[in-house]
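Observations on chain architecture
For reference, the chains in residue letters:
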Amino acid sequence: MESATLSQIGLAGLAVMGQNLALNIAEKGFPISVYNRTTSKVDETLDRAHREGQLPLTGHYNPKDFVLSLQKPRSVIILVKAGAPVDQTIAALSAYMEPGDTIIDGGNEWYENTERRMVDASANGLLYLGMGVSGGEDGARYGPSLMPGGSHRAYLNIHNILDKVAAQVDDGPCVTYIGEGGSGNFVKMVHNGIEYGDMQLISEAYDVLKNVGGLGNDELAEIFGEWNRGELESFLIEITSDIFKVEDHESGKGHLVDKILDKTGMKGTGKWTVQQAAELSIAAPTIAASLDSRYMSGLKEEREAASKIFSKEGLTEEINNVGGVDKKKLVDDVRQALYASKICSYAQGMNLLRAKSLEKGWGLNLGELARIWKGGCIIRAVFLDRIKQAYQRNPGLANLLVDPEFAREMVQRQAAWRRVVGLAIQKGVSVPGMSASLQYFDTYRRGRLPANLVQAQRDYFGAHTYERVDRPGAYHTEWSKLARKARV
Ligand SMILES: *[C@@H]1O[C@H](CO)[C@@H](O)[C@H](O)[C@H]1NC(C)=O
């Protein structure tokens, strides 16, 4: 490279995500410097930049040359594994950075780690952003959804780059300044929690259609393809349709999906989402059910042993009377159940975001978050535009479910939804996500719950007191005394 020309931005950490994001930035016309400790990664990236169109990208083999190759104030994106590698990379780079320069962590980092690093960085006059990046490898290369949080000044330094690099949808680039502190990482974490929910709900729809409806992979590919042309249109529905089409080349027989071990991996963002929901007293049963389902999927050997034990007792895994199901009706019902369940899951995620925003004073704009998820990211979906509109209509919306449009849709779909959950339960096909969503809906919409009895019990054994529906104040009753008297 010519050392005279300085790059507009730098990127350290050249695993596939890092390489792709660097190439994306270069392709949008922003000269970029890249660095990785492993020199072959730098060469690989340079080679790709060359092959993918002589992109303005320069490679650097040590932290000093890398940092000094950047225009001031410098902005450096780091894309390495969350945790200790981030601290190591910051230590290596910040030695050569100057006050006013910015570090941008693009990994799936725990938001408190970002807030800790922000404090450390500011001690050296450095600015800091924790930026959620969603969209997988393709998203990074061709347009991700970006969730930068932290220093607003740092964001302003690079927002022209981010605007071009992000996925583009009808109402703008899929990026916005999220808020202060670790808000960018937190929003990305909840995005991933919602993604867990979506994937679980889709897998349950598949399970019901396959095992209760008796549908084969070809039919499933077609149905998901059809759903992707309607209200369910989304990246995850689209790739699901594709998955059912792929044959198994390894064995040469049947479809690949049937050969895949039923054990789900995970990296932690779903667990964090559920932990945060519990911390903030936000009900997120659909997301929690999807996490629990991943845990139970991991018990493959135990499940196989259990299946044998219950078979011996007369409860087999096979579902009888598959032929008796009206396939067309079932498909239509499952579509509606999936949609309604999804709305409940997003309502939970949005409520968690709002609760955290209030706790931390982040001022999150829920409608704007829905907007930047419309493209680029894994949960991108047509219906996110409707969520955006719901929060634009009423930023103080208590719950997505009571937005007039969504409320109407829930009511229109609830009969089909109950049929699917009821049928699955009857047939012994577990639908933890769909039923959690339905329970969430049925609990939320009821003005009167049996919590009165729980309050009575708490007051009975613990004198925790209770309130009354008809007059103010805290009451305590000598329950056992009165009950004994009543018995006589
Ligand atoms: C460079 O690449 C290796 C893997 O080849 C990775 O472990 C490391 O974190 C990367 N990043 C940096 C900044 O060196």
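Given the structure is predicted, the values throughout are model-derived calculations rather than measurements. (Residues numbered from 1 in each chain as written. Predicted model: local features only at pLDDT ≥ 70, side-chain atom pairs only at ≥ 80, totals over all residues. Heavy atoms only, no water.)

Some remarks on the sheet that holds strand S2 (residues 32-35)
Judged by pairing direction, the sheet is mixed, and its seven strands sit side by side in the order S3-S2-S1-S4-S5-S6-S7 without closing on themselves. At either end of the open sheet lies a strand with only one pairing partner, and these are strand S3 (57-60) and strand S7 (145-150). Averaged over all pairs of adjacent strands, the angle between their axes in this sheet comes to 25 degrees, without regard to strand direction. Along the sheet, helix H7 (residues 152-165) contacts strand S1 (9-12), strand S4 (75-78), strand S5 (102-105), strand S6 (127-134) and S7; its crossing angle with S6, the most-contacted strand, is approximately 30 degrees. (Pairing = 2+ DSSP bridges. Helix = DSSP H or I, 4+ residues; strand = E, 2+ residues; numbered from the N terminus. Axes fitted to C-alpha atoms, helices over the stretch in contact; angles between N-to-C directions. Contact = heavy atoms within 4.5 Å.)

Notes on the nonpolar core
Residues Leu209, Trp227, Leu353, Trp373 and Ile387 are the most contacted members of the largest nonpolar core, which totals 83 residues. Those elements giving two or more residues to this core turn out to be helix H8 (183-212), helix H9 (217-227), helix H10 (235-245), helix H14 (327-360), helix H15 (366-372), helix H16 (384-393), helix H17 (404-427) and helix H18 (432-444). The greatest single-element share of this core, amounting to 15 residues, is contributed by H14. Residues in contact with Trp227, not counting those within four places in the same chain, are Ala205, Leu209, Leu232, Glu233, Ile237, Val331, Val334, Arg335 and Leu338. Ile32, Ile77, Ala166 and Val175 belong to the second largest nonpolar core, which has 32 residues in total. (Core = buried A, V, L, I, M, F, W, Y, C linked by side-chain atoms within 4.5 Å. Buried < 20%, exposed > 50% of the residue type's maximum accessible area, 1.4 Å probe, protein only.)

Examining the site of the ligand
The full set of residues close to the ligand is Gly13, Asn36, Arg37, Thr38, Lys41, Val80 and Thr89. In this structure, an oxygen atom belonging to the ligand sits 2.5 Å away from a side-chain N or O atom of Asn36. At 3.5 Å, a side-chain N or O of Thr38 approaches an oxygen atom of the ligand. Coverage of the ligand by the protein chains reaches 69% of its 360 Å² of free accessible surface. Classifying every residue of the shell around the ligand by side-chain character gives one nonpolar, four polar and two charged. (Near = heavy atom within 4 Å. Polar contact = N/O pair within 3.5 Å; in protein donor to acceptor, adjacent residues only side chain to side chain. Areas by Shrake-Rupley, 256 points an atom, 1.4 Å probe, with all protein chains shown as cover. Nonpolar A, V, L, I, M, F, W, Y, C, P; charged D, E, K, R; others polar.)

Comments concerning a negative patch on the surface
Taken together, the side chains of Asp218, Glu222, Glu226 and Glu247 make up a negatively charged region of the molecular surface. Relative to the helices and strands, Glu222 resides in helix H9. Residue class for Glu222 comes out exposed when judged on its relative accessible area of 58%. (Patch = residues over 30% accessible without salt bridge, like charges linked within 9 Å, V, L, I, M, F, W, Y side chains within 5 Å. Salt bridge = Lys/Arg side-chain N within 4 Å of Asp/Glu carboxyl O. Lys, Arg positive; Asp, Glu negative; His and termini not counted. Charge placed at Lys NZ, Arg CZ, Asp CG, Glu CD.)

Looking at the UniProt feature "active site" (unreviewed entry) in the protein chain
The UniProt feature table records "active site" (unreviewed entry) at Lys188 and Glu195. Positionally, Lys188 belongs in helix H8. Take Lys188: its relative accessible area is 6%, and that puts it in the buried class. On the secondary structure map, Glu195 appears in helix H8. Those residues within four positions of Glu195 in sequence are excluded, and the remaining contacts are Ile378 and Ile379. (UniProt positions renumbered as here; feature names shortened; annotations may be inferred.)

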